[in-house]
Amino acid sequence: MIQLKDIYRDFQVGDQTVRALDNINLNISQGEYISVMGPSGSGKSTLLNIIALLDHPTSGQYLFNRQDVTKLDDNALAKIRRENIGFVFQFFHLIPRLTAAENIEIPMILAGINRQERQQRVMQAVASVGLSDRAKHLPEQLSGGQRQRVAIARATIMRPAILLADEPTGNLDSHSGIEIIELLETLNKQGMLLIIITHDHHLGKRAQRQIHIVDGKINFEK
Amino acid sequence: MTVSDTFFQAFLAIRAQILRASLIVLAMSIGIASVTILTALGESARSYIVNEFQSLGTNLVIVLPGRTETTGGQPPLFGETPRDLTLDDANALLRSRYIAAIAPINIGSAPVSALGLERETTILGSTASLRRVRHLSLAEGRFLPEIESEKSLPVCVIGQTIKNQIFIQQKALGQWLRINDRRFRVIGVLASEGESIGVDFDEIVVIPVASAQALFNTESLFRILVEAKSKSAMYKAVTDIGKIIKARHEGEQDITIITQDSVIGAFDEILTALTLTVASIAGISLAVAGVLVMNVMLVSVAQRTSEIGLLKALGASERQLIELFLAEAAMLCLAGAVLGVLVGQFSISFLQILYPEFPLSIPGWALLAALLVSLTTGLIFGVLPARKAAKLDPVLALAKR
């Protein structure tokens, strides 16, 4: 499903060039459960951003469903993201002025889905993350764990094939962290490709495939 | 993303920052209100003056003695030519087949008195045709009789003010009025028509032109009012008048001919230009409001950087982001325009109460233009912030919390 070939990503910092990704080769198939681990600044977030089509590699080839996506324009990339990729962030990234339900609705609004269907799917999504009674709450009225559930509901509302989570438990206490991981794993068992970036080796070990990145290179894989 | 969703999301964003939004709406509405009010004032002044000139008569041509050769100068008000315009000249004009009626006019100032009361006023010598040419109406009695213009007759028609001041609460008809040392019988009273350009007919006494010539001891006419048969005949009449006078004045066309059209046209042009100038000056405030809109939108983009990054990650295209921010700017500006038009309309109504005799109204095109201009301003000044939002790098935008 995802094929990365000889991916390099360089950043210009002042007059120095920093290589964030150094010759990454990766094949990821549907339904996998992958954790990406590594120290800060190792390039794991950059890798996730490139997989998510938010960032462009400096060189290399990226095939998404056998399609070369390095040459697509902004609109096409936005469409692929909208239809195939769900995001979960460390800092939730909920829009503060919108209620939980309205936050979950956003990807469907961008996709131009009609109002009735949106309402229906939001109700289902809210129920599936166990927040039916909190649907009309603003993010500031929810706990960290609840906010991350809203974010997961938003990430999965378009039924994407890929779910990308960047430190999903980084901002949560260990109890809600486990709850969130279990929720993500449930989604993986339903067939969603799950890629989790984490510092936490304990959490990382739960994945069937573990990728360690150091200095922009894949150090080892299990 | 459907249009209604775009506007609804933009509305939610505006609602989240209600104070900033209302300030921008206020700025925009001040601009719109000043444009509409000033346009209304200018437009009303224009229609007021054009109406005044139109009420002077229909297809009116005015013949003045004397001629200025330079262009652009005022026509001479009093004859500066060796050859006066005489009654014979005036009667000769009737030979033209494009002329329906003429009214020779002789004007002067003299004391009038009756029943022991005396005042100085304007005496206007003319013929029965004056009524037709100048659209005069009578409150009582009749106008000057249809007699040969050379014939003098001791009758007069007086204006309302003269009647009220000289014949206080008495019947004026049939009374003798003394003008200088001659007596005239009052045969009619003019209906009050208020101040009209040139002459205030309420303060005037009209007598037969021959009588006025005798009274002021002059053969020369102040001017001749000519009514052409139709609008298209007016210019042919002008040519005829020139020819006839030239023939009578030893080959010299020593008169100035003014058509009502050209006067109205000139005033119309001047006042339209004035209105547009004033409106454009007020338009500067709209530009200022536009810059404010841009400022607010730029702040909005900066504050919502991570939200924009999120929307991009969730699959918003650049186009959708531009649409979202433009919708926000457009809604702010439209709200400002609607408020501004209301404020303008309210102020105009208020002014109308203060000055009821002046015809005030906001022209429809001004309302439409105000709405369009504000919307255009908002969109033009909204494009830059919207593009800025759309071009944000999603990775960097998301990193900002």
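Attention here is on the structure that accompanies the text. Just so it is clear, the structure is predicted and the values come from calculations on it, not from any experiment.

Turning next to the overall build of chain B. Within chain B, the regular secondary structure consists of 12 helices and 10 strands. Taken along the three principal axes of its C-alpha coordinates, chain B extends 100 × 55 × 30 Å. Taking as baseline every contact in chain B between residues at least 6 positions apart, the subset at least 24 positions apart corresponds to 78%. For chain B, the accessible surface area stands at approximately 18,900 Å², while carbon and sulfur atoms represent 61% of it. The positive charge centre, built from 34 side chains, and the negative charge centre, built from 35, are 7 Å apart in chain B.

This paragraph deals with the environment of M192(A). Structurally, M192(A) can be placed in the loop between α6 (174-189) and β8 (193-198). Contacts of M192(A), omitting those with residues within four sequence positions, involve G31(A), E32(A), T156(A), P160(A), A161(A), I162(A), L163(A) and L187(A).

The subject of this paragraph is the pairing of strand β6 (residues 176-179) of chain B. All names here are of chain B. Of the two faces of β6, only the one carrying L177 and I179 is buried; W176 and R178 on the other face are not. Judged from the two bridges that link them, strand β2 (residues 99-114) and β6 form a sheet pairing that is antiparallel. In the sheet register, S113 faces β6, and the bridge partner there is R178. Relative to strand β7 (residues 182-190), β6 is paired through four bridges, and the arrangement is antiparallel. When the sheet's bridge partners are listed, W176 is paired in β7 with R185.

A cluster of acidic residues, D84(B), D88(B), E148(B), E150(B) and E219(B), forms a negative patch at the surface. Within the fold, D88(B) resides in helix α3 (residues 87-93).

Residues and elements named next belong to chain B. A cluster of nonpolar residues, I18, L19, L23, L26 and I30, forms a patch on the protein surface that exposes about 520 Å² of accessible area. Looking at the element boundaries, L19 is found in helix α2 (residues 18-54). A relative accessible area of 61% means that L19 is categorised as exposed.

With that settled, the discussion passes to empty space enclosed by the protein. Taken as a whole, this structure holds five cavities of 30 Å³ or more when the rule is applied. Lining the largest cavity are 17 residues, and of these R97(A), Q9(B), E307(B), L311(B) and L324(B) lie nearest its centre. Per-element accounting of the lining of the largest cavity gives the leading share, four residues, to helix α10 (residues 318-354) of chain B. Its residues assigned to classes, the lining of the largest cavity comprises 12 nonpolar, one polar and four charged.

What follows is about the pattern of salt bridges. According to the stated counting rule, one finds 22 salt bridges over all chains in the structure shown. The partner of D22(A) in a salt bridge is K217(A), with the nearest N and O atoms 3.6 Å apart. Separated by 195 residues along the polypeptide, D22(A) in strand β2 (residues 16-28) and K217(A) in strand β10 (residues 217-221) bring together distant segments of the chain. Across the pair R209(A) and E32(A) runs a salt bridge whose closest N-O atoms are separated by 3.1 Å. Of this pair, R209(A) sits in strand β9 (residues 209-214) while E32(A) sits in the loop between β2 and β3 (33-37), placing them 177 residues apart in sequence. Take R209(A) and E32(A): they sit in the same class, and that class is buried. Through salt bridges with shared partners, one network takes in R97(A), R304(B), E307(B) and E328(B).

Here we take up unusual backbone geometry. In the Ramachandran plot, R66(A) falls in the positive-phi region, its phi being about 65° despite a non-glycine side chain. For R66(A), a relative accessible area of 77% gives the class exposed.

Residue and element names in this part refer to chain B. On the secondary structure map, Q260 appears in helix α8 (residues 260-303). Of note is the side chain of Q260, whose polar atom sits 3.5 Å from the backbone nitrogen of N59. Discounting chain neighbours no more than four positions away, the residues touching Q260 are F53, Q54, L56, G57, T58, N59 and L60.

In this section: the layout of surface pockets. The calculated volume of the second largest pocket comes to roughly 700 Å³. Contributing to the lining of the second largest pocket are 30 residues, with S45(A), N49(A), D166(A), V395(B) and A399(B) lying nearest its centre. For the lining of the second largest pocket, the secondary-structure elements that each account for two or more residues are β1 (2-13), α1 (44-51) and β6 (85-88) of chain A together with α12 (394-399) of chain B. Residues belonging to the lining of the second largest pocket are distributed by class as follows: 13 nonpolar, 10 polar and seven charged.

Residues and elements named next belong to chain A. Taken together, the six strands give an open sheet; going across it, the order is β6-β7-β8-β3-β9-β10, and neighbouring strands pair in mixed fashion. In this open sheet, the two strands that pair with only one neighbour each are β6 and β10. Strand-to-strand twist in this sheet, taken as the mean axis angle between neighbours without regard to direction, amounts to 20°. Pairing between strand β7 (residues 162-166) and β8: five bridges, direction parallel.

On to the interface of chain A and chain B, then. Chain A puts 25 residues into the contact, and the matching count from chain B is 25 residues. Of the roughly 2,300 Å² buried where chain A meets chain B, counting both sides, 62% is carbon and sulfur surface. A per-residue breakdown of the area chain A buries against chain B is headed by H93(A), R97(A) and L110(A), which together make up 28% of the total. The interface formed by chain A and chain B holds two salt bridges in total. A salt bridge links D5(B) to R118(A); its shortest N-O distance comes to 2.6 Å. Summed over the shared surface of chain A and chain B, the number is eight residue pairs in polar contact (both at pLDDT 80 or more). The set of elements that each furnish at least two residues to the side of chain A that touches chain B consists of α2 (74-84), α3 (100-111) and α4 (115-128) of chain A. For the side of chain A that touches chain B, the element with the highest residue contribution is α3(A), accounting for six residues.

Let us now look at the packing of aromatic side chains. All chains considered together, the criterion is met by three aromatic pairs over all chains. Taking 6.3 Å as the distance between ring centres and 75° as the angle between the ring planes, the aromatic pair formed by Y62(A) and F64(A) counts as edge-to-face. The pair formed by Y62(A) and F64(A) is uniform in burial state, with each residue classed as buried. Ring centres of F87(A) and F89(A) lie 5.4 Å apart, and the angle between their planes is 5°; on these two criteria the pair is classed as stacked. We classify F87(A) as buried; its relative accessible area is 3%. Note on F89(A): relative accessible area 8%, which makes it buried. In this structure, R115(A) is placed above the aromatic ring of F8(B), and the distance from its NZ or CZ to the ring centre is 5.9 Å. Sitting over the ring of W176(B), R183(B) keeps its end group 4.4 Å from the ring centre.

Cut-offs and rules
- Residues numbered from 1 in each chain as written.
- Chains lettered and ligands numbered in written order.
- Predicted model: local features only at pLDDT ≥ 70, side-chain atom pairs only at ≥ 80, totals over all residues.
- Heavy atoms only, no water.
- Helix = DSSP H or I, 4+ residues; strand = E, 2+ residues; numbered from the N terminus.
- Contact = heavy atoms within 4.5 Å.
- Areas by Shrake-Rupley, 256 points an atom, 1.4 Å probe, with all protein chains shown as cover.
- Lys, Arg positive; Asp, Glu negative; His and termini not counted.
- Charge placed at Lys NZ, Arg CZ, Asp CG, Glu CD.
- Buried < 20%, exposed > 50% of the residue type's maximum accessible area, 1.4 Å probe, protein only.
- Pairing = 2+ DSSP bridges.
- Patch = residues over 30% accessible without salt bridge, like charges linked within 9 Å, V, L, I, M, F, W, Y side chains within 5 Å.
- Salt bridge = Lys/Arg side-chain N within 4 Å of Asp/Glu carboxyl O.
- 1 Å grid on protein atoms, 1.4 Å probe; cavity = no way out; pocket = protein on both sides within 12 Å on 5 of 7 lines; lining within 4 Å.
- Points joined across faces, edges and corners; volume = space filled by probe spheres on them.
- Nonpolar A, V, L, I, M, F, W, Y, C, P; charged D, E, K, R; others polar.
- Polar contact = N/O pair within 3.5 Å; in protein donor to acceptor, adjacent residues only side chain to side chain.
- Axes fitted to C-alpha atoms, helices over the stretch in contact; angles between N-to-C directions.
- Buried area = accessible area lost by both parts, 1.4 Å probe.
- Phe/Tyr/Trp six-rings, centres within 6.5 Å; stacked < 30°, edge-to-face > 60°.
- Lys NZ or Arg CZ within 6 Å of the ring centre and 35° of its normal.

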